[in-house]
Amino acid sequence: MSEEIIIAGFGGQGVLSMGKILAYSGIMQDQEVSWMPSYGPEMRGGTANVTVIISDEKISSPYLKVYDSAIILNQQSMDKFENTVKLGGILLYDPNGITHHPTRTDIQIYQIEGAKLAAEMGNKKIFNMIILGAFLKIKPIVKLENVITGLKKSLSERYHHLIPLNKEAITMGMKHVRPFKFAEQIV
């Protein structure tokens, strides 16, 4: 098993945290992992992305040009990474702020309204966990208990009281992810 993932969006959306939690989860399962962030000096509000590789075998290089899966959280990232998904791969995106929806028919495309669900749950900071839950529903590459352990390792101890809310957000994402239908595009 090897999964090569790009997670991309605006700084402040939890892109790097989501990647770190996936990486920690892979470590908890005795897998080889790579976590390679990329962001500009503006970070919050600027673009950020992270490449995560989770594999049963040694990882030769963390640098990739094509991915098994792309998690896209803004239009700039859609424009940049839609065409980097491997044939038959997966593209998961939040339609909030997306003006040009994906057009490829040779990949599997899924949608999750993470921003809307986070607002309904009363905490915008759990947006990334809703997205992560949606991804794990589509591609269960790590176990939920390892994700929770990853959360504990990546969150400061003073925020551990929020772990149940994060777990609820992951479950919410798993429940609400759906395949993208081209006929439903917002014009």
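That block above? That's the structure.
Chains are numbered independently. Their residues run from 1 in the order of the written sequence. A pLDDT threshold of at least 70 governs which residues receive local features in this predicted model, and a stricter bar of 80 or more applies before side-chain atom pairs are shown or counted, although totals over entire chains, interfaces and linings include all residues. In computing side-chain values, all of the structure's heavy atoms are included and hydrogens and water are not.

**Q** Please explain the layout of surface pockets as it appears in this structure.
**A** Empty space among the atoms can be located by rolling a probe the size of a water molecule over them. Cavity: a set of points on a 1 Å grid over the protein atoms alone where a 1.4 Å probe fits but cannot get out. Pocket: an open set with protein on both sides within 12 Å along at least five of seven lines, its lining residues, like those of a cavity, having an atom within 4 Å of a point. Grid points are joined across faces, edges and corners, and a volume is the space filled by probe spheres set on the points. Roughly 930 Å³ of volume is contained in the largest pocket. Along its surface, the largest pocket is lined by 36 residues, and Gly12, Gln13, Gly14, Lys125 and Asn128 are the ones closest to its centre. Where the lining of the largest pocket is concerned, the elements lending two or more residues are α1 (15–28), α2 (75–81), α3 (114–120), α4 (127–138), α5 (144–154) and α6 (163–176). Helix and strand definitions here come from DSSP, where helices need a minimum of 4 consecutive H or I residues and strands a minimum of 2 consecutive E residues; each element is numbered from the N-terminal end. If you tally residues by element for the lining of the largest pocket, the top one is α1, at five residues. Think of it as three bins: nonpolar holds Ala, Val, Leu, Ile, Met, Phe, Trp, Tyr, Cys and Pro, charged holds Asp, Glu, Lys and Arg, and polar takes everything else, Gly as well. Looking at the lining of the largest pocket residue by residue, the classes come out as 18 nonpolar, 14 polar and four charged.

**Q** For this particular structure, what's the right way to read the nonpolar core?
**A** Considering soluble globular proteins, one finds that nonpolar side chains tend to be buried as a cluster. By convention a nonpolar core is built from buried Ala, Val, Leu, Ile, Met, Phe, Trp, Tyr and Cys residues, the set being connected through side-chain atoms within 4.5 Å. Accessible area is worked out with a 1.4 Å probe on protein chains only. A residue is then buried under 20% of its type maximum, exposed over 50%, and partly exposed in between. By size, the foremost hydrophobic cluster in this structure holds 38 residues, and its most contacted members are Leu22, Ile71 and Leu92. Looking at this core, the elements with two or more residues in it are β1 (2–10), α1, β3 (47–55), β5 (85–93), α3, α4, α5 and α6. Beyond its immediate chain neighbours, meaning those up to four positions away, Leu22 contacts Ile5, Ile7, Val52, Ile54, Leu132, Leu136, Ile141 and Val142. Ala8, Ala70, Phe81 and Tyr93 belong to the second largest nonpolar core, which has 16 residues in total. Only heavy atoms enter the contact rule, under which two residues are in contact if any of them lie within 4.5 Å.

**Q** Got a minute to help me understand the pairing of β1 in this structure?
**A** Consecutive residues of a regular strand have side chains that alternate between opposite faces of the sheet. Within β1, seven of the nine residues are buried, leaving the element largely enclosed by the surrounding structure. As paired elements, β1 and strand β4 (residues 67–72) share four bridges and run parallel to each other. Looking at β4, one finds that Ala8 is bridged to Ile72. Strand pairing is defined by DSSP finding a minimum of two bridges between the two strands.

**Q** Can you help me understand the packing of aromatic side chains in this one?
**A** Aromatic rings in a pair are described by how distant their centres are and how their planes are angled relative to each other. Only centres within 6.5 Å qualify two rings of Phe, Tyr or Trp (six-membered ring in Trp) as a pair; their planes then separate them into stacked at under 30 degrees, edge-to-face at over 60, and tilted for everything else. Taken as a whole and judged by the stated rule, the model has two aromatic pairs. A ring pair is formed by Tyr67 and Phe81, whose centres lie 6.3 Å apart and whose planes are at 80°; its orientation type is edge-to-face. On the criterion of sequence distance, the pair formed by Tyr67 in strand β4 and Phe81 in helix α2 is long-range, its members being 14 residues apart. On the basis of relative accessible area, Tyr67 is assigned to the buried category, the value being 5%.

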